Amino acid sequence: MNKSVLLPMLLALGLAGCQKEAADTSQMAPPPAESAAAPKPALPPGPAPGSTAGPPEGSTMVAPVAPADQLGTDVMGFLDLRWGMPVDDLRAAWKSPLTPATLTDANACAFLAPPKESRDIAFMVQDGVLKRVDVRQGDTVAPGGGRIGMTANEITGLYKDKLAVQPNKYTANAKDLIVTPSPQAQARIVFQAGPDGIVSRWHMGVPPQVLYVEGCG
């Protein structure tokens, strides 16, 4: 074959091979990096610290726990409640329904409570004002740390010299454990321990209502 014809043919074949190799190499390039993962949606905000909203129905209110050696004359620990507040102010501070909605005798002793399904807590009012808070079941914590389910010995260990013990009026071998927060305090906390030594309920309030043993009696 004529050299003048062969040389251009070889050059053409070499150029085609280089182009094919370049194309194959481009196909081996790594895939582009995946985009950064989308941020997770933020959780809905919880209640603000110090919120005064009442508890939702069916829930248990847990009171802030003050050390027993720091208990003062106010042992409420529940939101904005205070001893001697009028019934209307109590309803407004609790922010959840309390029954009965109206009192037939505004000055008589009566209990206001959340709906039946969540009656862990009841409020005793007399003469139109708050006198006592009763905790009948659940995990609600008393100021100082006492709660239902503790033993009488555990309550004694928490409150020490602030505690006085007396027999229950109606149940043999049961005890009422009465906490006086300070010598100047009017308010009291009363834990009721059964014959088995276990606290079954507790209440707090001001005399004489806090010492009533038959509800409003």
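Above this text you will find the structure in question.
Quick look at the structure, then.

Thresholds applied
- Residues numbered from 1 in each chain as written.
- Predicted model: local features only at pLDDT ≥ 70, side-chain atom pairs only at ≥ 80, totals over all residues.
- Heavy atoms only, no water.
- Buried < 20%, exposed > 50% of the residue type's maximum accessible area, 1.4 Å probe, protein only.
- Helix = DSSP H or I, 4+ residues; strand = E, 2+ residues; numbered from the N terminus.
- Pairing = 2+ DSSP bridges.
- Arc of directions from axis to C-beta.
- Contact = heavy atoms within 4.5 Å.
- Axes fitted to C-alpha atoms, helices over the stretch in contact; angles between N-to-C directions.
- Salt bridge = Lys/Arg side-chain N within 4 Å of Asp/Glu carboxyl O.
- 1 Å grid on protein atoms, 1.4 Å probe; cavity = no way out; pocket = protein on both sides within 12 Å on 5 of 7 lines; lining within 4 Å.
- Points joined across faces, edges and corners; volume = space filled by probe spheres on them.

**Some points on the pairing of strand β7 (residues 199-205)**
With respect to burial, β7 is a largely interior element, 5 of its 7 residues being buried. Here strand β3 (residues 129-135) pairs with β7 via 4 bridges, running antiparallel. Paired with V135 across the strands is W202, a residue of β7. Between strand β6 (residues 188-193) and the antiparallel strand that follows it, β7, lie 5 residues; G197 among them carries a positive phi value of about 80°.

**Digging into helix α3 (residues 152-159)**
Along α3, the residues that are buried comprise A152, I155 and Y159. For α3, the angular spread of buried residues about the axis comes to 60°, placing them on one side. Tucked inside the fold, the buried residues of α3 contact β4 (163-167), β5 (175-179), β6 and β7. Backbone geometry just after α3 places K160 at a positive phi near 50°.

**What to know about helix α2 (residues 87-94)**
For α2, the set of buried residues is V87, L90, A93 and W94. An end-on view of α2 places all buried positions within 125° of arc, on one side of the element. In the stretch just after α2, K95 is the one whose phi turns positive, near 65°.

**Looking at the sheet that holds β7**
Strand order in this open sheet of 7 strands is β1-β2-β3-β7-β6-β5-β4, and the pairing throughout is antiparallel. Looking at which strands have only one partner, the edges of the open sheet turn out to be β1 (110-112) and β4. Going from strand to strand, the sheet's axes swing by 25° on average, the running direction of each strand aside. Across 3 bridges, β1 lies against strand β2 (residues 121-126) in antiparallel orientation. In the sheet register, F111 faces β2, and the bridge partner there is M124. Together, β1, β2 and β3 form the strand contacts of α2, whose direction differs from that of β2 by roughly 160°.

**Overview of the pattern of salt bridges**
Throughout the structure, instances matching the rule amount to 2 salt bridges. Between D89 and R82 there is a salt bridge, with its nearest N and O atoms 3.8 Å apart. Judged by relative accessible area, D89 falls into the partly exposed class, the value being 34%. One salt bridge connects R132 with D134, and the closest N-O pair in it is separated by 2.6 Å.

**Re the environment of V179**
Relative to the helices and strands, V179 is located in strand β5. With relative accessibility at 0%, the residue V179 sits in the buried group.

**What about the pairing of β6?**
Burial analysis of β6 places 5 of its 6 residues in the buried class, which makes it a mostly covered element. In the sheet, β5 pairs with β6 via 5 bridges, with the strands oriented antiparallel. Of the residues in β6, the one forming a bridge with L177 is F191. Bridging between β6 and β7 involves 6 bridges; their strand directions are antiparallel. Each residue of the ladder has a partner; that of A193, found in β7, is V199.

**Section: the layout of surface pockets**
Space inside the largest pocket adds up to approximately 250 Å³. Along the wall of the largest pocket there are 20 residues; nearest its centre are Q192, H203, Y212, V213 and E214. Elements represented by at least two residues in the lining of the largest pocket include exactly β3, β5, β6 and β7. It is β7 that provides the largest number of residues to the lining of the largest pocket, a total of 3 residues.

The values are spatial; any link to function lies outside them.
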